[in-house]
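Okay, here's what each chain looks like letter by letter:
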Amino acid sequence: MKRKIEKLTPEQEALLPVYRDRWLGIGLATEQEIDKESAKKAIADVYRCAGMEPPKYYIFLNNPLEGAVGATLLKGAQVRAQVRDQVWDQVRAQVRDQVWDQVRDQVRDQVRAQVRDQVWDQVRAQVRDQVRAQVRDQVWDQVRAQVWDQVGDQVGDQVRDQVRDQVGRACYGSHDASWLGFINYFQEVTPEVKNLEKIFGLQSAARFCGWFWAFRDACIITSRPKAIRMKEGRLHAEGEAAIEYEGFKVYAYEGVRLPEKYGAVHPNNWDPKWIEEERNVDIRAKLLKGVGFERWLQETGGKTISKQTLIGLPYELVERQDRDMGRMLFLKMKNPSVPGVYHVEPVAPADWIKTCEDALNWRLGADSPDEKYNVMFKA
Amino acid sequence: MINVGFHGEAVLKPIAGLPKGAKKQPHNGDLIIAASETVGHHHRVYCEEKEAALYEKDGVLYLKVEFPVGLTCRDKHDEVTLDPGVYQIGAQREWDYLSQMERQVAD
């Protein structure tokens, strides 16, 4: 029996980030217009790699929401056509899932677990963190949410559920980058690992297609996003979509998906009242971060429990009860160097903090009322 | 009673002397005692090496002042004169209500 790969050489290890970056690039790629000819060729390769004839019909749609609706309509066509033949069968299992199972098993058979884990962690996991966890999953959630909001009312629950189901029946094209990159590493860096050719079609589709829905004789192909906006590895945009397709947008702030009513507005213009109205804790936290404590307190108020002049400057200790965050304390102070500017600084909600002086001492490091600080200067 | 001075988010505590093993930092005439992480408003002392120097031990900075020097922060805080002595450099803290954790104030 052929020996498994036991260890990567230093040269092979040095290539791990190269493949991570390559597939991050593929996974986060954007396009203004899909290259239809290249996309068709890629999809034909997907089918051939699965041992099937390429589809007869290629249907191009703008975004995953249109794709899911289109796939639902084709499923309806399948039901009607079943009398004659099976040409509209959905074949995702054959073209995607089984191909993955097969190439994954090949890697398992030929590469020791330790090496697989190393490539898994350093190529696949890192691409997955951004491409799948941030982009694909957010698109997934947004499509399902939008179907719930928009499709249900118009055509009834049954169709709505079918469209939502189609989100999970897609092949994700560029957004499948993480595991395609994992296999690509072994294909090119460890050529002694054989029988991985079947993945080629899906890798090609990742380079030219967004989400696609595979049927026996037809394939719905959607475009990749026109824009993906991120900050520190998380989806983030201010006043514009974080993922933008023709006719479909996902808004997000630091990785949390926002409804359009917030996301389309720049945080500088967010209304502090939204923080009180919002019921989703994660969204509320981002609204609060975007608005800032100063503006939130200024516009929605709090109770002043202490007023003192410290170091010659007026201070106020403001208390507020919040349904999610409990008792909150803020030290409001005048900027000693810039006239007319006040700062609101959050202080721990400790029971012993009852005065401005207590709060100031806490900010300087005190953990009890017995610890006192003498401020020599402040600027 | 503990003596402190603060300059924006930076806190300076006068202490008796440098801790044992504190390592002198390279001196380029511009001692940044608290770097601004966001907007470039560093708290700094422009001085000659004979006037003041920075030291570090276990991740904590110390400023040793031999002759009075000015602590500045461009356009943001008034200049403060630091008298000779050793100052331990820290930062004010704040409570992050979103994560329910304490953290150092960052500028």
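Residues numbered from 1 in each chain as written. Chains lettered and ligands numbered in written order. Predicted model: local features only at pLDDT ≥ 70, side-chain atom pairs only at ≥ 80, totals over all residues. Heavy atoms only, no water.

A look at the interface of chain B and chain A
Counting residues at the interface gives 26 residues for chain B and 34 residues for chain A. Where chain B abuts chain A, roughly 2,600 Å² becomes buried across the two surfaces, and 62% of that area is made up of carbon and sulfur atoms. Per-residue buried area on chain B facing chain A is highest for F6, R93 and Y97 of chain B; these three make up 33% of the total on that side. Where chain B touches chain A, the interface holds one salt bridge. (Contact = heavy atoms within 4.5 Å. Buried area = accessible area lost by both parts, 1.4 Å probe. Salt bridge = Lys/Arg side-chain N within 4 Å of Asp/Glu carboxyl O.)

Examining the pattern of salt bridges
A pair can form between side chains of opposite charge whenever their charged atoms are brought close. Applying the stated criterion across every chain, the model contains 35 salt bridges over all chains. When the shortest N-O distance is used, the salt bridge between D96 of chain B and R103 of chain B registers 3.0 Å. Judged by its relative accessible area of 13%, D96 of chain B falls in the buried class. Among the charged side chains, a salt-bridge network with shared partners connects E276, R284, R320, D322 and D324 of chain A. (Buried < 20%, exposed > 50% of the residue type's maximum accessible area, 1.4 Å probe, protein only.)

Let's talk about the confidence of the model for chain B
Residues and elements named next belong to chain B. Residues at a pLDDT of 70 or more form 93% of chain B, whose mean pLDDT is 84. The spread of mean pLDDT over the elements of chain B runs between strand β9 (residues 77–82), the lowest at 80, and strand β3 (residues 23–24), the highest at 92. The ipTM, which scores confidence in the relative placement of chains, is 0.79 for this predicted complex, and the corresponding pTM is 0.78. (pLDDT = per-residue confidence, 0-100. Helix = DSSP H or I, 4+ residues; strand = E, 2+ residues; numbered from the N terminus.)

Looking at the packing of aromatic side chains
Residue and element names in this part refer to chain A. Using the criterion set out here, one finds 15 aromatic pairs over all chains in the structure. Ring geometry for Y172 against W211: centres 4.8 Å apart, planes inclined by 85 degrees, an arrangement best described as edge-to-face. Here Y172 is found in the loop between α7 (157–167) and α8 (177–189), whereas its partner W211 is found in the loop between α9 (200–208) and β2 (212–214), with 39 residues between them in sequence. You can call W211 buried: its relative accessible area is 1%. Aromatic pair Y185 and F186: ring centres 5.7 Å apart, planes at 85 degrees, arrangement edge-to-face. By relative accessible area, which is 0% here, Y185 ends up buried. Under the relative-accessibility criterion, F186 is labelled buried at 0%. By the ring-pair criterion, three or more aromatic residues cluster together here, those being Y19, W120, F182, Y185 and F186. (Phe/Tyr/Trp six-rings, centres within 6.5 Å; stacked < 30°, edge-to-face > 60°.)

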